[in-house]
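A structural walkthrough
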Amino acid sequence: MAALPTVSLRVLPLAAGPPLASETGTFVLLDFPQAFGRASTEPTTVYLENITGALYLDKPTEVAAFEHVWSDLEALASGEAESEKLITSIIEEHHD
């Protein structure tokens, strides 16, 4: 999957410690395209899903909080090349 041009695969090492995302659970940041050169018709939205339903957050402060969590993940994660090497080494280790 990492070879696909639209995929960025990065590993979060255990040594990095718990990220802010460990408190938020999974989420998706949705950015919407501009319509015919105009500003986006929809604001950036955070999508959260849980056992009883889904939640869509689009207030600027809510979005900013989740963008901060995403930035933390990006800062702590290994780079793409390093992550791919680690995954390859684990696969090779378990296929011997």
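Preceding block: the structure.
Conventions used here
- Residues numbered from 1 in each chain as written.
- Predicted model: local features only at pLDDT ≥ 70, side-chain atom pairs only at ≥ 80, totals over all residues.
- Heavy atoms only, no water.
- Helix = DSSP H or I, 4+ residues; strand = E, 2+ residues; numbered from the N terminus.
- Rg over C-alpha atoms; globule rule 2.2 N^0.38 Å.
- Contact = heavy atoms within 4.5 Å.
- Areas by Shrake-Rupley, 256 points an atom, 1.4 Å probe, with all protein chains shown as cover.
- Lys, Arg positive; Asp, Glu negative; His and termini not counted.
- Charge placed at Lys NZ, Arg CZ, Asp CG, Glu CD.
- Core = buried A, V, L, I, M, F, W, Y, C linked by side-chain atoms within 4.5 Å.
- Buried < 20%, exposed > 50% of the residue type's maximum accessible area, 1.4 Å probe, protein only.
- Phe/Tyr/Trp six-rings, centres within 6.5 Å; stacked < 30°, edge-to-face > 60°.

1. Digging into the overall build of the chain
Looking only at helices and strands, the chain features 3 helices and 3 strands. Along the chain direction, N to C, the helices and strands of the chain fall in the order α-β-β-β-α-α. Compactness check: the chain gives a C-alpha radius of gyration of 17 Å against a globular reference of 12 Å for 96 residues, more than 25% above the reference. Dimensions of the chain, computed from the C-alpha atoms along their principal axes, are close to 50 × 35 × 25 Å. Looking at the chain alone, contacts between residues at least 24 apart form 46% of all its contacts between residues at least 6 apart. Summing over all exposed atoms, the chain offers an accessible surface of approximately 7500 Å²; the carbon and sulfur share of this is 60%. Distance between charge centres in the chain, computed from 4 positive and 15 negative side chains, equals 9 Å.

2. Describing the nonpolar core
Core analysis: the biggest nonpolar cluster contains 9 residues, these being A21, F27, V46, L48, L57, V63, F66, V69 and L73. Those elements giving two or more residues to this core turn out to be β2 (45–50) and α2 (60–76). Per-element accounting of this core gives the leading share, 4 residues, to α2. Discounting chain neighbours no more than four positions away, the residues touching V46 are F27, V28, L29, L55, Y56, L57, E62, V63 and F66.

3. Thoughts on the packing of aromatic side chains
According to the stated counting rule, one finds 2 aromatic pairs in the structure shown. Considering the side-chain rings of F27 and F66, the 5.0 Å spacing of their centres and the 65° angle between planes classify their relative orientation as edge-to-face. With F27 in the loop between α1 (21–24) and β1 (28–30) and F66 in helix α2, this pair connects stretches of sequence that are 39 residues apart. Ring geometry for Y47 and Y56: centres 5.1 Å apart, planes at 50°, overall tilted.

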